[in-house]
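# Architecture and fold: a report
One letter stands for each residue in the lines below.
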Amino acid sequence: MTQVLGPWQVLIGSQLPHPFGLTLYGERIYWTDWQTKSIQSADRLTGLDRETLQENLENLMDIHVFHRRRPPVSTPCAMENGGCSHLCLRSPNPSAFSCTCPTGINLMPDGKTCSPGMNSFLIFARRIDIRMVSLDIPYFADVVVPINITMKNTIAIGVDPQEGKVYWSDSTLHRISRANLDGSQHEDIITTGLQTTDGLAVDAIGQKVYWTDTGTNRIEVGNLDGSMRKVLVWQNLDSPRAIVLYHEMGFMYWTDWGENAKLERSGMDGSDRTVLISNNLGWPNGLTVDKASSQLLWADAHTERIEAADLNGASRHTLVSPVQHPYGLTLLDSYIYWTDWQTRSIHRADKGTGGNVILVRSNLPGLMDIQAVDRAQPLGFNKCSSRNGGCSHLCLPRPSGFSCACPTGIQLKGDGKTCDPSPETYLLFSSRGSIRRISLDTSDHTDVHVPVPELNNVISLDYDSVDGKVYYTDVFLDVIRYECPRNLQRTQTCF
């Protein structure tokens, strides 16, 4: 049955080319008109006695009456915010108000207090910003994480639920950054030696961040503050993209969407590397692990499928098909979630069957990575979470336990736990926008960026081993400089 609210009438039905803003004061109504570019007034009861107050006003929009001597209106929310912890809003209910919470936060059973924050949520990158969608409330509304910096090409994201921090990569600005989930305490943790960081994974248990780089064709690891950076995998990589960790088992998995696309696995220290799947793959983008069912799930934008297999790559089967252009993939409880470039949307399906596909959010251009977070879920444990495994520098899990490791270019001593403070012999070379070194004391022979900022066109260089300084020419800046850059291993000399 339709409720009749009351009689209505037309006050002014002619000579209104394009009214926009409207307000009321006393016995008069006032409005703006785009076409006549004027502010006009009329009797509020009859619509007669029309008057033009101002003309030739460009870009007219809204209008409102302000009266300094107008007495304030008393509302239930005026007294101690109605007892609400957050928002007190007028309402037609018997109390004339209701308490409510910011988007993504639940109202507690007392009807007045909001929960301290999101416990279960999706967090996704949209190139120019990072957003969250609460899974604690029955509707999917996204909230922008208020990080007060410019983002140009945010691709990969990771979350430390223990500390409440989000990590992200920006391939245009060539950096990996982090901030609190409320946007505070932003800092850039890695600013050199990056090209296109497509994948990012946070080990909150071992306090490490892992990333893939399709430009350098490397998989690297470092402490959460960016220190003690080590190259884990650098051979036979074409275009590594997604990366996911199984902390408790000591495994890391990644996709490679190069000419010979594949899914691979190794220990979280890079050991025991093996190819799991190498056939019928095109652009394997998203990747996630379902620990409950011991399955690996991935999204392929070329085959337009979301597939699953066991953790050894066997029992492969299709979950969802067709999907137009899936990119990021994540999992929480009974559902998988993915981003789609073509539909500019986030979708959800049952993780076991791929059925019951629903649209979570639409009209989101620039969608990239997505992660699901449940902050109430315990983090788990591995052997590196206790006293860093006794390692002097990096403790990295693997299926059989853990290994102590050193930042790239530094050698592990015979005790298997302690690193030498600095390489004795290395090559130092320039690559226009960077200065790099290769240790000759280790067998991996991978290069490390010397953290000298703002390099443009370095042509020649030399090193003073007595004072520990590197000298170089920058032709773009037309200067000769010497630097003793901040050393990531905190040694007494430049290197």
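Residues numbered from 1 in each chain as written. Predicted model: local features only at pLDDT ≥ 70, side-chain atom pairs only at ≥ 80, totals over all residues. Heavy atoms only, no water.

For the rest of this paragraph, the subject is a nonpolar patch on the surface. There is a patch of nonpolar side chains on the surface, built from Phe20, Trp34 and Met61 and spanning about 300 Å² of accessible area. Mapped onto the elements of the fold, Met61 is located in the loop between strand 4 (51–54) and strand 5 (87–90). (Patch = residues over 30% accessible without salt bridge, like charges linked within 9 Å, V, L, I, M, F, W, Y side chains within 5 Å. Areas by Shrake-Rupley, 256 points an atom, 1.4 Å probe, with all protein chains shown as cover. Salt bridge = Lys/Arg side-chain N within 4 Å of Asp/Glu carboxyl O. Helix = DSSP H or I, 4+ residues; strand = E, 2+ residues; numbered from the N terminus.)

Position of Gln40 among the secondary structure elements: in strand 3 (residues 38–43). Accessibility expressed as a relative area gives 8% for Gln40, which makes it buried. At 3.0 Å, the side chain of Gln40 and the side chain of Arg50 are in polar contact. Once residues lying within four places of it in the same chain are set aside, the contact partners of Gln40 are Ile29, Tyr30, Trp31, Asp33, Arg50, Glu51, Thr52 and Leu53. (Buried < 20%, exposed > 50% of the residue type's maximum accessible area, 1.4 Å probe, protein only. Polar contact = N/O pair within 3.5 Å; in protein donor to acceptor, adjacent residues only side chain to side chain. Contact = heavy atoms within 4.5 Å.)

Bringing the environment of Asn106 into the picture now. Relative to the helices and strands, Asn106 resides in the loop between strand 6 (97–100) and strand 7 (120–125). Along the sequence, Asn106 and Ile137 sit 31 residues apart, while their C-alpha atoms lie 6.6 Å from each other. When sequence neighbours within four positions are dropped, the list of residues in contact with Asn106 reads Cys101, Thr113, Cys114, Ser115, Asp136 and Ile137.

With omega at -5°, the peptide bond leading from Ser321 into Pro322 counts as cis. Structurally, Pro322 is set in the loop between strand 25 (317–320) and strand 26 (326–332). Unlike most non-glycine residues, Gln207 shows phi in positive territory, near 60°. For Asn217, which is not glycine, the phi torsion reads 55° and is therefore positive.

Below, the discussion takes up the UniProt feature "repeat: LDL-receptor class B" (unreviewed entry) in the chain. Per the UniProt annotation, the sites labelled "repeat: LDL-receptor class B" (unreviewed entry) are residues 164–206, 207–249, 250–293 and 294–335. Secondary structure over residues 207–249 splits into 0% helix and 53% strand, and the C-alpha atoms at its two ends are 16 Å apart. Measuring from the first to the last C-alpha atom of residues 294–335 gives 15 Å, for a span that is 0% helix and 57% strand. (UniProt positions renumbered as here; feature names shortened; annotations may be inferred.)

In terms of strand pairing, strand 16 (residues 218–223) meets strand 17 (residues 230–233) through three bridges, oriented antiparallel. Counterpart to Ile219 in the pairing with strand 17 is Val233. Count of turn residues in the strand 16/strand 17 antiparallel hairpin: six residues, of which Gly226 carries a positive phi of about 90°. (Pairing = 2+ DSSP bridges.)

The subject of this paragraph is the nonpolar core. Counting 19 residues, the largest nonpolar core has Phe121, Ile123, Ile130, Met132, Ile147, Val166 and Trp168 as its most contacted members. Among the elements of the structure, strand 7, strand 8 (130–134), strand 10 (154–160) and strand 11 (165–170) are those that each provide at least two residues to this core. Sequence-distant contacts of Ile130, that is, excluding residues within four places in its chain, are made with Ile123, Phe124, Val143, Val144, Val145, Ile147, Met151, Thr154, Ile157, Val166 and Trp168. (Core = buried A, V, L, I, M, F, W, Y, C linked by side-chain atoms within 4.5 Å.)

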